[in-house]
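Residue strings, one per chain:
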Amino acid sequence: MKNIARNSFLSFSTVLVLSLMTFFIYVLFFVEYVASALIGNISDRLSLSLNLRPGYSDTNRDIVELTNALRSVDPAVEVRYISNAEAFEILKQRDPELARVIESDRDNPLPSSLSIKNVPIAKYAELDAVVSKYQSAVQYDAGTGKKTIVDYRAQYEKIRGLTDVLLSIRHGTIAVVGLFLFAVAAIVYNAIGNSVFYYREEIRIIGLVWGSARFVYGPFAVQGFVYALVGALVALSAFSSVIRSVNFSLLADFPIFVDTFFLARSGAFAAVVAALALVALLSGFFSSFRFARRAG
C-alpha cells in the first residue's frame, strides 16, 4: 500500500485503465446474455413440423421410437402427433377457402406429422441427429428445388442460423475476454516495472543488506493484485449503475431482467475478478523479479 500511495499518479492511471477494460468485459457478458434471451424467446415460439411418410402413424414402431428419442433429447421438449385428419381440421379453421378445394376426407393430401416444441438452443444439433436416423419414416429432405416452408430441413436450417449467431457471440466473448486478460497482464507488468525503476535505489540498498527476494518482490506483486482488484470492483460498480439506468424496450420488465442477469452471471463476475487479480499478481511478481534484477 505504501508503494501505491507514493506513486499516486501511476496507481490512479493504472486502476483507471484496468477499470475501463473490465467494464467492457462486463458489457460483453451483458450482450451475450441479451442475445441468449432474445434468441431464447424466439426459440420458445418456434416449432418444428416433422411430416411422416405415407402409411405411417403414431402406432408404427419407428414413429414410437422416434417420439421417445426426441423426448429424451431434453425434458423440456414437447412432441405431439398430428394425424392428417386433424391437420385437415386445422386447415379448415385457418383457411376455409383453401380447404374447400379438397372435396372429401378421402382426398385429404395433408400428411400426418410430429409437432416438436420447446427445444433448447443447444439441443437442436442433437435433435437433428436423432431425426436423421429415421429418414425412412419421415420426410427428412425434399431435395434441392423442392423445399417448402414446411420441409423439416428448411425449418432446421433457419433455426440453426439463430443458434449459430448465439454461438458466435459466445465464442467471440470468450476470445475478447482472453485478449483483455492478456492486456491486463501487460499493463500490470509495465506499471510494476515503472515502480521498480522508480524505487531502484531502495532496491539496491535492500540487496546490499541481504534483503530476501520475498521482501523485495512481494510488495510489488501485491501492488499488481491490488490494482486489478480495485479496478474490477470499480468497473462492476460503474457497470451496475449504468445498466440499471437504461431501458431496453425489446425486453419486457427490463429492471427485472437486469436483476436476473446479475443473479445468473454472478459466478462469471466472481471468476473475472479472481482471474484479473491472479493474472495481475503473477504479472506483478515476474515484472518485479525481472526489473529488480536489472536495477540491482
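Residues numbered from 1 in each chain as written. Predicted model: local features only at pLDDT ≥ 70, side-chain atom pairs only at ≥ 80, totals over all residues. Heavy atoms only, no water.

*Asks:* Is there a simple way to think about the packing of aromatic side chains in this case?
*Replies:* To describe a pair of aromatic rings, one takes the distance between the centres and the angle between the planes. The final tally for this structure, using the stated rule, is 16 aromatic pairs. Aromatic pair Phe 23 and Phe 24: ring centres 5.9 Å apart, planes at 85°, arrangement edge-to-face. Look at Phe 239 and Phe 262: their rings are 6.0 Å apart centre to centre, the planes differ by 65°, and that puts the pair in the edge-to-face class. Highlighted residues: Phe 239 in helix H9 (residues 213-244) and Phe 262 in helix H10 (residues 254-264), separated in sequence by 23 residues. One exposure class covers both Phe 239 and Phe 262, and it is buried. Through successive ring pairs, a cluster of aromatic residues spans Phe 23, Phe 24, Tyr 26, Phe 29, Phe 30, Tyr 33, Phe 239, Phe 257, Phe 261, Phe 262 and Phe 269. (Phe/Tyr/Trp six-rings, centres within 6.5 Å; stacked < 30°, edge-to-face > 60°. Helix = DSSP H or I, 4+ residues; strand = E, 2+ residues; numbered from the N terminus. Buried < 20%, exposed > 50% of the residue type's maximum accessible area, 1.4 Å probe, protein only.)

*Asks:* What am I meant to see in the confidence of the model for the protein here?
*Replies:* Interpreting fine coordinate detail is not advised for predicted regions of low pLDDT. Of all residues in the protein, 76% attain a pLDDT of 70 or more, and the chain-wide mean is 78. Looking across the protein, the model is least confident in helix H8 (residues 200-208), with a mean pLDDT of 60, and most confident in helix H3 (residues 61-73), with 92. In the predicted structure, residues 144-149 sits below a pLDDT of 50 and forms six contacts with residues beyond four places in sequence or in another chain. (pLDDT = per-residue confidence, 0-100. Contact = heavy atoms within 4.5 Å.)

*Asks:* Just checking my understanding: could you explain a nonpolar patch on the surface for this structure?
*Replies:* On the surface, a nonpolar cluster with roughly 470 Å² of combined accessible area is contributed by Leu 278, Leu 282, Phe 285, Phe 286 and Phe 289. With respect to the element layout, Phe 286 can be found in helix H11 (residues 266-295). (Patch = residues over 30% accessible without salt bridge, like charges linked within 9 Å, V, L, I, M, F, W, Y side chains within 5 Å. Areas by Shrake-Rupley, 256 points an atom, 1.4 Å probe, with all protein chains shown as cover. Salt bridge = Lys/Arg side-chain N within 4 Å of Asp/Glu carboxyl O.)

*Asks:* Please explain helix H4 (residues 84-94) as it appears in this structure.
*Replies:* For the α-helix, the turn length of 3.6 residues means that residues three or four positions removed from each other point alike. Looking only at H4, the buried set comprises Ala 87, Phe 88 and Leu 91. Buried residues of H4, seen end-on, are gathered within an arc of 100° and therefore sit on one face of the element. (Arc of directions from axis to C-beta.)

*Asks:* Even after reading the chapter, I still don't get the nonpolar core, so can you show me in this structure?
*Replies:* When a protein is soluble and globular, its nonpolar side chains tend to lie buried together. Tyr 26, Phe 29, Phe 30, Phe 239 and Phe 261 are the most contacted members of the largest nonpolar core, which totals 36 residues. Residue assignment for this core shows that the elements contributing at least two residues are helix H2 (8-45), helix H7 (152-198), H9, H10 and H11. The biggest single contributor to this core is H2, with 12 residues. Beyond its immediate chain neighbours, meaning those up to four positions away, Phe 239 contacts Phe 23, Tyr 26, Val 27, Phe 30, Phe 261, Phe 262 and Phe 269. (Core = buried A, V, L, I, M, F, W, Y, C linked by side-chain atoms within 4.5 Å.)

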